[in-house]
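Report on the structure
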Amino acid sequence: MRVLPLLKKKMMIETVIAPSPQALGPDDIDPTLDLEREIGRLCRENNAIILAHYYQDGEIQELADFVGDSLDLSRRAAATQADIIVFCGVRFMAETAKILSPKRIVLMPDAEAGCSLEESCPPDAFRAFRDKHPDHLALTYINCSAEVKALSDIIVTSSNAEAIINSLPQDQPILFAPDRHLGAYLARKTGRDMLLWPGTCVVHEQFSERELLRLKSRHPGAVISAHPECPEAILCHADHVGSTSAMLKFVTDSKDRKFIIATEPHLIHQMKKAAPEKTFIPAPGADGTCSCANCPFMELNTLEKLYLCMVNMAPRVEIPNTLRIAARKPLDRMMELSPPAAANTDTPEPKPSFDPRANVA
Ligand code: 13P
Ligand code: SF4
């Protein structure tokens, strides 16, 4: 397994239309307005649905029509009959919704909600990396721009990556971008030698092994569940590793009663709802607290901005047609190769062997 040096960032194609200068701003909102009720009314009147990731604030999760992980949210976006998708997550998720559901209007509360993994992987540098390894299949984590998706062979998420890798011929060389920790975890789990892009998630990278062990010694019976975006130094202490939905399922099904949760702590909102009798302790950062584990991008979304994007019909995702069509191909391959939703566990059955060379254009 080789990790590459990080290359310089360049301009990317703009995929989000900003609100017009006449659009309403936060100061225009009547402070006595019942925002939850107004958002509900706008959803009904405009045939809109709200999709939210587990890392959103609890009040946004409560308003959403569906809360899920990256794969489940993509599936929902692809299947919806609503006219408008309001995506409460980050930009790569809203872009994915638009790519899979191009006839829908896709809104996002804050156009600045990006992702450190997406930032780490500029399209021109990724193209150069691909060109240097023409025999490698580009397996790319969904946490990337539409342009990087368009340059990839197959998109994966943390809940289907292992099954998709296991469906590829053993002798197929693979390059994996942009999360080197997830890539290294997958290489260990599947026994595959993969070339890794050097990106990381700012949230998962900050967990401290030392503080985790101190916390564990204070709660010896606590079971550790971790997201595979964490570094190996954290994952090696975990009793369970999985996507956000797999983590939620694990703690809900487990007979244990106390858990240390090594991922963005807003996931705990759903854990408490699913298992109110159990205790969930967020994994600590280097200062011994979990305060730095909130995703700074997810956190940009607020109830006010959610309301405003529905009133202003912006920020709105618009992807140039050629880019959208090119980015759809590797997403369709992901959908074809993913285990069915109900079998979405950490040890998925591999699908029948898939020959990437027969499919990649
Ligand atoms: P999943 O919810 O797919 O596990 O992804 C986690 C994440 O970091 C999303 O940005
Ligand atoms: Fe990106 Fe990490 Fe935030 Fe997910 S938690 S959106 S991977 S920065």
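What counts, and at which threshold
- Residues numbered from 1 in each chain as written.
- Chains lettered and ligands numbered in written order.
- Predicted model: local features only at pLDDT ≥ 70, side-chain atom pairs only at ≥ 80, totals over all residues.
- Helix = DSSP H or I, 4+ residues; strand = E, 2+ residues; numbered from the N terminus.
- Rg over C-alpha atoms; globule rule 2.2 N^0.38 Å.
- Buried ≥ 20, exposed ≤ 12 C-beta atoms within 10 Å, placed from the backbone.
- Contact = placed C-beta atoms within 7 Å.
- Pairing = 2+ DSSP bridges.
- Core = buried A, V, L, I, M, F, W, Y, C linked by C-beta atoms within 7 Å.
- Domains from an automatic or database assignment.
- Near = placed C-beta within 6 Å.
- Nonpolar A, V, L, I, M, F, W, Y, C, P; charged D, E, K, R; others polar.

Of the regular secondary structure elements, the protein holds 17 helices and 15 strands. In terms of overall size, the protein behaves like a compact globule, its C-alpha atoms giving a radius of gyration of 20 Å where 361 residues would be expected to give roughly 21 Å. Expressed as lengths along the three principal axes of its C-alpha atoms, the size of the protein is roughly 60 × 55 × 40 Å. Going through the 361 residues of the protein one by one, you find that 48% of them count as buried. Long-range contacts, defined here as pairs at least 24 residues apart, represent 69% of the contacts in the protein between residues at least 6 apart.

Okay, unusual backbone geometry next. Going from Ala-177 to Pro-178, the amide bond is cis rather than trans, its omega being -10 degrees. Position of Pro-178 relative to the elements: it lies in the loop between strand E9 (174-177) and helix H9 (180-190). The phi dihedral of Asn-47 falls on the positive side, at around 50 degrees, and the residue is not glycine. Checked against the element boundaries, Asn-47 lands in the loop between helix H1 (35-46) and strand E3 (48-53). Note on Asn-47: 12 C-beta atoms within 10 Å, which makes it exposed.

All right, on to the sheet that holds strand E11 (residues 223-226) then. Within the open sheet, the four strands sit side by side as E12-E11-E13-E14. Their pairing is parallel. At either end of the open sheet lies a strand with only one pairing partner, and these are strand E12 (240-241) and strand E14 (279-282). Bridge count between E11 and strand E13 (residues 258-262): four bridges; the pairing is parallel. Across the sheet, residue Ser-225 finds its bridge partner in E13, namely Ile-261.

What follows deals with the nonpolar core. Val-86 and Phe-87 are the most contacted members of the largest nonpolar core, which totals 101 residues. When residues of this core are assigned to their parent elements, the largest contribution, six residues, is made by helix H4 (residues 91-100). A domain-level breakdown of this core finds at least three residues from each of domain 1 (16-115 + 298-322) and domain 2 (203-293). With sequence-adjacent residues up to four places away left out, Val-86 is seen in contact with Ala-48, Ile-50, Leu-107, Leu-306, Cys-309 and Met-310.

The next subject is the site of ligand 2. Lining the immediate environment of ligand 2, one finds 14 residues, of which Cys-115, Ser-116, Cys-201, Val-203 and Cys-295 sit closest. If you list the elements that add at least two residues to the shell around ligand 2, you get helix H5 (116-119) and helix H10 (202-205). A per-class count over the shell around ligand 2 returns 10 nonpolar, two polar and two charged. The residues that make up the shell around ligand 2 include at least three from each of domain 1 (16-115 + 298-322) and domain 2 (203-293).

Time to look at the domain arrangement of the protein. In terms of domains, the protein is made up of domain 1 (16-115 + 298-322) and domain 2 (203-293). Counting from both sides, the interface comprises 11 residues of domain 1 and, opposite them, eight residues of domain 2. Broken down by secondary-structure element, the contributors of at least two residues to the side of domain 1 that touches domain 2 are helix H2 (58-63) and strand E4 (66-68). In terms of residue class, the side of domain 1 that touches domain 2 is made up of four nonpolar, four polar and three charged.

What follows is about the site of ligand 1. In the neighbourhood of ligand 1, the contacting residues comprise Tyr-54, Asp-69, Ser-70, Asn-143, Thr-157, Ser-158, Ser-159, Cys-201, Glu-229, Ser-243 and Thr-244. A domain split of the shell around ligand 1 shows at least three residues from each of domain 1 (16-115 + 298-322) and domain 2 (203-293).

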